[in-house]
Amino acid sequence: MMITCSVCGCLNDPSNMVCEECGSDLIDESELLYLYDDDDD
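So, how was this worked out
Residues numbered from 1 in each chain as written. Predicted model: local features only at pLDDT ≥ 70, side-chain atom pairs only at ≥ 80, totals over all residues. Heavy atoms only, no water. Helix = DSSP H or I, 4+ residues; strand = E, 2+ residues; numbered from the N terminus. Contact = heavy atoms within 4.5 Å. Areas by Shrake-Rupley, 256 points an atom, 1.4 Å probe, with all protein chains shown as cover. pLDDT = per-residue confidence, 0-100. Disulfide = S-S within 2.5 Å.

What about the overall build of the protein?
Part 1: Per the secondary structure count, the protein includes 1 helix and 2 strands.
Part 2: When its helices and strands are written in sequence order, the protein yields β-β-α.
Part 3: Counting contacts in the protein only where the partners sit at least 6 residues apart, residues at least 24 apart contribute 0% of the total.
Part 4: By element, 50% of the accessible surface of the protein is carried by carbon and sulfur atoms, the whole surface being about 3700 Å².

Considerations on the environment of Glu20
Part 1: Structurally, the position occupied by Glu20 is in the loop between β2 (11–12) and α1 (29–36).
Part 2: Sequence spacing of Glu20 and Cys10 is 10 residues, and the spatial spacing of their C-alpha atoms is 7.7 Å.
Part 3: Ignoring anything within four residues of it in the chain, the contact list for Glu20 reads Asn12 and Asp13.

Points about the confidence of the model for the protein
Where the model shows low pLDDT, its predicted coordinates should not be examined in detail.
Part 1: Across the protein, the average pLDDT comes to 80, with 66% of residues at or above 70.
Part 2: Across the protein, β2 holds the top mean pLDDT of 94, while α1 sits lowest at 59.

Describing the environment of Met17
Part 1: Secondary-structure assignment places Met17 in the loop between β2 and α1.
Part 2: Separated by 10 residues in the primary sequence, Met17 and Ile27 have C-alpha atoms spaced 7.6 Å apart.
Part 3: In this structure, Met17 is in contact with Ser24, Asp25 and Leu26, ignoring residues within four places of it in sequence.

Describing the state of the cysteines
Part 1: Scanning the model with the defined rule gives 0 disulfides in all.
Part 2: Cys8 carries a free sulfur, and the closest cysteine sulfur to it, the one in Cys19, is 3.6 Å from it.
Part 3: As a non-bridged cysteine, Cys10 has Cys19 as the owner of its nearest cysteine sulfur, 4.4 Å distant.

What follows is the structure, encoded as structure tokens:
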């Protein structure tokens, strides 16, 4: 499954750490949810 860059929308190989097109960091959406789902109540 290809990774879509959240910045420019370019499709990237899953093994890429940065976008081929714009150089932005590629992060899996499930990882992103995990990072922001960290409630410290």
